[in-house]
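Architecture and fold: a report
Single-letter residue listing:
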Amino acid sequence: MKEYEMEHCDTVEVHEELLKIVNEKMPEEEELYDLAELFKVFGDSTRIRILFVLFEAEVCVCDLAELLHMTQSAVSHQLKILKQNKLVKSRREGKSIFYSLADSHVRTIINQGLEHIEED
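The text that follows walks through the structure, step by step, so that each part is easy to find. Since the model is a prediction, treat every value here as computed from it, not as a measurement. (Residues numbered from 1 in each chain as written. Predicted model: local features only at pLDDT ≥ 70, side-chain atom pairs only at ≥ 80, totals over all residues. Heavy atoms only, no water.)

Description of unusual backbone geometry
The backbone of His69 shows a phi angle near 55°, a positive value even though the residue is not glycine. Looking at where His69 falls in the secondary structure, it is placed in the loop between helix H4 (61–68) and helix H5 (72–84). One non-glycine residue, Lys86, lies in the positive phi region at around 60°. Take Lys86: it is sitting in the loop between H5 and strand S2 (88–93). (Helix = DSSP H or I, 4+ residues; strand = E, 2+ residues; numbered from the N terminus.)

Section: the pairing of strand S3 (residues 96–101)
Sheet topology places strand S1 (residues 59–60) next to S3; two bridges connect them, and they run antiparallel. Along S3, the bridge assignment pairs Cys60 with Phe98. Pairing of S2 with S3 involves six bridges; the strand directions are antiparallel. Note that in S3 the partner of Lys89 across the bridge is Ser100. Joining the antiparallel neighbours S2 and S3 is a turn of two residues, in which Gly94 adopts a positive phi near 65°. (Pairing = 2+ DSSP bridges.)

What about the sheet that holds S2?
Strand order in this open sheet of three strands is S1-S3-S2, and the pairing throughout is antiparallel. Of all the strands in the sheet, just S1 and S2 have a single pairing partner and so form its edges. Helix-sheet contacts for helix H3 (residues 45–56) involve S1, S2 and S3, and the interaxial angle to S3 is about 95°. (Contact = heavy atoms within 4.5 Å. Axes fitted to C-alpha atoms, helices over the stretch in contact; angles between N-to-C directions.)

Notes on the side chain of Thr46
Of note, Thr46 is situated in helix H3. Residue classification places Thr46 among the buried positions, given a relative accessible area of 17%. Leave out the neighbours within four places in its chain, and Thr46 touches Met70 and Gln78. (Buried < 20%, exposed > 50% of the residue type's maximum accessible area, 1.4 Å probe, protein only.)

Rendered as structure tokens:
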């Protein structure tokens, strides 16, 4: 079998009971859309790098820019996306704004992804 060929059933048979169970558990379309949008945020390696920094410490844009060898503007742009998606939060201290993970779910999502890609 060629690597790109998909296996498929030899006959068409719809399993009504199974479909009923699945349909009862299926989230609403809007929830599925929101979930897909959330996962798109994780589709950028720069944002993943920012999240990894925030695993270790609460930092300001200046620190992130230095650590990641990026401009402050580029870091700020990515932080805005992360904040809009409730993955990071910020607090002001004098003239600086410090960023941290919004909650423990963020770490869990990343760690689950890492475990998945590291599986044999």
